[in-house]
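What the coordinates show
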Amino acid sequence: MWYGQATGGLPALKALFEGYRGRPLFDSYEMEAPRVQAGGDTAILTYTLVRTGGGDTRGTRPSVPAKEEGWRIVHSHWSATR
């Protein structure tokens with residue numbers, strides 16, 4: 001289930017993220033091995049995100065942009081790697 005659906009939709013998700021406004025969550029990040037696969041009005045962007053500071057983390061981050069009144073992300077998630 002999508003987080004926003006489980007907790008009250010977009011208003012709840014916006015309220016959650018508002019708590020992070022102005023607070024850095026990490027010192028820096030790097031996108032390793034970005035790859036775009038496109039077809040028609042949809043694309044898939046995948047990369048490994050390496051964050052440092054605030055608890056170093058490494059993981060994959062697929063995003064799916066679609067061309068609807070310009071390109072917009074219609075799906076994104078995070079999977080931690082070891």
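Located above this text is the structure these notes cover.
What comes next concerns the included structure. (Residues numbered from 1 in each chain as written. Predicted model: local features only at pLDDT ≥ 70, side-chain atom pairs only at ≥ 80, totals over all residues. Heavy atoms only, no water.)

Concerning the pairing of strand β2 (residues 42–52)
Test applied: Any two strands between which DSSP finds at least two bridges are classified as paired. Strands here are runs of E lasting at least two residues and helices are runs of H or I lasting at least four, both read from the DSSP assignment and numbered beginning at the N terminus.
Inspection of the sheet shows strand β1 (residues 28–39) paired to β2 by 10 bridges, in the antiparallel sense. Bridging from a neighbouring strand, Ser28 pairs with Thr52 of β2. Joining the antiparallel neighbours β1 and β2 is a turn of two residues, in which Gly40 adopts a positive phi near 65 degrees. By the bridge criterion, two bridges tie β2 to strand β4 (residues 63–67) in an arrangement that is antiparallel.

Here's the deal with unusual backbone geometry
To be explicit about the condition: Here's how the labels work: a residue is buried when its accessible area is under 20% of the maximum for its type, exposed when over 50%, partly exposed in between, all with a 1.4 Å probe on protein chains only.
Here Ala33, not a glycine, exhibits a phi torsion of approximately 50 degrees, which is positive. Assignment of secondary structure puts Ala33 in strand β1. The exposure class of Ala33 is exposed, given its relative accessible area of 63%.

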